[in-house]
Amino acid sequence: MGTHPRGDAKILDNRIAQETLGQWIAENQDCLGSKVKDTFHGKLPFLFKVLSVETALSIQAHPNKDLAEKLHLQAPQHYPDANHKPEMAIALTPFQGLCGFRPVEEIVTFLKKVPEFQLLIGDEAATQLRQSASRDTQAAASALRSCFSNLMRSEKKVVVEQLNLLVKRISQQVSAGNSVEDICGELLLQLHRQYPGDIGCFAIYFLNLLTLQPGEAMFLEANVPHAYLKGDCVECMACSDNTVRAGLTPKFIDVPTLCEMLNYTPSPSQDRLFPPTQSPGDPYLSIYDPPVPDFTVMKMEVPGSVSEYKVLAVDSASILLVVRGTVTASTPAAQAPIPLQRGAVLFIGANENVSLELTAPQDLLLFRACCLL
């Protein structure tokens, strides 16, 4: 849902001359809001998605603005635009993902318990990492860079051999009824089934494993490695399609760029959670406002006992998604009320007042993407 050239949203209302949202915004610039229009040169600055992940999505990171411009010039076939792509995922169901580098102690424990992992990293880098545990964050980040780069530069043949050994060992443990939780055994088998022989299977020993409960979020700034493994979420990001991949993918992997760009600062998994703030004026509204200008996400949970809900007018174009409930939307800009149900998407112009009348006694769950400058 947005105006990215690779997926410009289609307008369903046949009374409107333009076929896509991008075309309509280009001819109705005021709908963006004056600040958004000026800051983002007449373009909608965000992209809004719903993801339903059954098979893990690739381990990846997104470049910052400077790097995106450089990569787009060098290799437009892999990097289709010059924008950065910070993003946020908010869980709709229990949602499992990998995000950011684990604390060094955890990785050191895996090196001890998983000899196949240790072999790919090499003794020298592993020793450097162990020694960095008692030093500062910078030493840890530098040691992590060496370890991760060694893994990513391993020969394909060696990776496949070591992965097969590990899979065999874990499978035997599982058959014998032993727990393999201490080495994320079940997850490793699951990823290996989905991507046999893929180097990304070993990344679970480097990256924090998070399970978000519905309503919990993670924010992924530039250069943070991450992967979505399983579950449903709404996702919002800057309007870009630039991705540097690291594994769990049949697509192009740009190893030199990846190893060079990543943020190797370790952090505990709970630090990766991004909590919303409660709106002071609206008990049903939570606001996820990340430290980037491109987007903000609002979550509205309205009990079925409420007959009418007024959507906050903001000085930005926004996209409203109905996840649960049935309503009729009225706004001065529309000639007639608009019926909305689960899966409906409504574009709201800047400073527009929208009133929602609940047409069924069911609780309402809505998400809204906008740009609050």
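Further up the page is the structure itself.
Residues numbered from 1 in each chain as written. Predicted model: local features only at pLDDT ≥ 70, side-chain atom pairs only at ≥ 80, totals over all residues. Heavy atoms only, no water.

1. Considering the overall build of the chain
Secondary structure summary: the chain contains ten helices and 18 strands in total. Taking 373 residues into account, the globule formula puts the C-alpha radius of gyration at 21 Å, and the chain, at 23 Å, falls close to it. Taken over the C-alpha atoms alone, the chain extends approximately 70 × 50 × 35 Å along its principal axes. Summarising the internal contacts of the chain: among those between residues at least 6 apart in sequence, 74% fall at separations of at least 24. By element, 52% of the accessible surface of the chain is carried by carbon and sulfur atoms, the whole surface being about 17,000 Å². Counting 31 positive and 40 negative side-chain charges, the chain places the centres of these two groups 5 Å from one another. (Helix = DSSP H or I, 4+ residues; strand = E, 2+ residues; numbered from the N terminus. Rg over C-alpha atoms; globule rule 2.2 N^0.38 Å. Contact = heavy atoms within 4.5 Å. Areas by Shrake-Rupley, 256 points an atom, 1.4 Å probe, with all protein chains shown as cover. Lys, Arg positive; Asp, Glu negative; His and termini not counted. Charge placed at Lys NZ, Arg CZ, Asp CG, Glu CD.)

2. Remarks on the side chain of S286
Relative to the helices and strands, S286 resides in strand 10 (residues 285-288). If we skip the residues at most four places from it in the chain, S286 touches P276, T277, Q278, V297, M298 and K299.

3. Remarks on the packing of aromatic side chains
Two measures describe an aromatic ring pair: the distance that separates the ring centres and the angle between the ring planes. Under the definition given, this model contains twelve aromatic pairs. Taking 5.5 Å as the distance between ring centres and 90° as the angle between the ring planes, the aromatic pair formed by F101 and F148 counts as edge-to-face. With a gap of 47 residues between them, F101 in strand 4 (residues 95-101) and F148 in helix 7 (residues 137-152) connect regions that are remote in the sequence. On the basis of relative accessibility, which here comes to 0%, the residue F101 falls in the buried class. Residue F148 is classed as buried on the basis of its relative accessible area, which comes to 2%. Members of the aromatic cluster, joined through ring pairs, are F101, F110, F117, F148, Y205, F206 and Y264. (Phe/Tyr/Trp six-rings, centres within 6.5 Å; stacked < 30°, edge-to-face > 60°. Buried < 20%, exposed > 50% of the residue type's maximum accessible area, 1.4 Å probe, protein only.)

4. With respect to the sheet that holds strand 9 (residues 277-278)
A sheet is described by the order of its strands in space; here six strands give the open sequence 9-10-11-18-13-16, paired in antiparallel fashion. If you trace the sheet from one side to the other, it starts and ends with strand 9 and strand 16 (345-348), each paired once. Looking at chain direction, strand 13 (residues 318-324) and strand 16 are connected through four bridges and run antiparallel. Looking at the pairing, S318 lines up with I348 of strand 16. (Pairing = 2+ DSSP bridges.)

5. Some thoughts on the packing of helix 4 (residues 104-113) against helix 6 (residues 123-132)
To describe two helices that pack against each other, one gives the angle between their axes and the distance between the axes. In contact at an axis separation of 9 Å, helix 4 and helix 6 are set at 140° when each is read in the N-to-C sense. Between helix 4 and helix 6, the angle falls in the class oblique. Of the two elements, helix 4 crosses helix 6, and the hand of that crossing is left-handed. Contacts between helix 4 and helix 6 involve V104, I107, V108 and L111 from the former and A126, L129, R130 and S132 from the latter. (Axes fitted to C-alpha atoms, helices over the stretch in contact; angles between N-to-C directions. Parallel < 35°, antiparallel > 145°, perpendicular 65-115°, else oblique. Left-handed = near helix turned anticlockwise from the far one by under 90°.)

6. So, the pattern of salt bridges
When charged atoms on two side chains of opposite charge get close, those side chains can pair. Scanning all chains against the criterion turns up 14 salt bridges. We note a salt bridge from R15 to D13, for which the minimum N-O separation is 2.9 Å. Residue R15 is classed as exposed on the basis of its relative accessible area, which comes to 59%. Overall, D13 belongs to the partly exposed group, its relative accessible area being 28%. The residue K65 makes a salt bridge to E69 at a minimum N-O spacing of 3.7 Å. Here the residue K65 and the residue E69 both occupy positions in helix 3 (residues 65-74), the gap between them amounting to four residues, near one helical turn. (Salt bridge = Lys/Arg side-chain N within 4 Å of Asp/Glu carboxyl O.)

7. Let's talk about the sheet that holds strand 15 (residues 338-340)
Read from one edge of the open sheet, four strands run 12-17-14-15, paired in antiparallel fashion. Single-partner strands in this sheet number two, and they are strand 12 (308-311) and strand 15. Taken pair by pair, the neighbouring strands of this sheet meet at an average axis angle of 25°, ignoring direction. The pairing of strand 14 (residues 327-330) with strand 17 (residues 354-358) spans four bridges and is classified as antiparallel. Its bridge partner lying in strand 17, A329 is registered against L356.

8. Structural notes on helix 9 (residues 185-194)
Among the ten residues of helix 9, seven are classified as buried, and the element is accordingly described as predominantly covered. For helix 9, the complete set of buried residues consists of G185, L187, L188, L189, Q190, L191 and H192. Buried residues along helix 9 sit against strand 4, helix 8 (156-175), strand 5 (207-212) and strand 7 (226-238).

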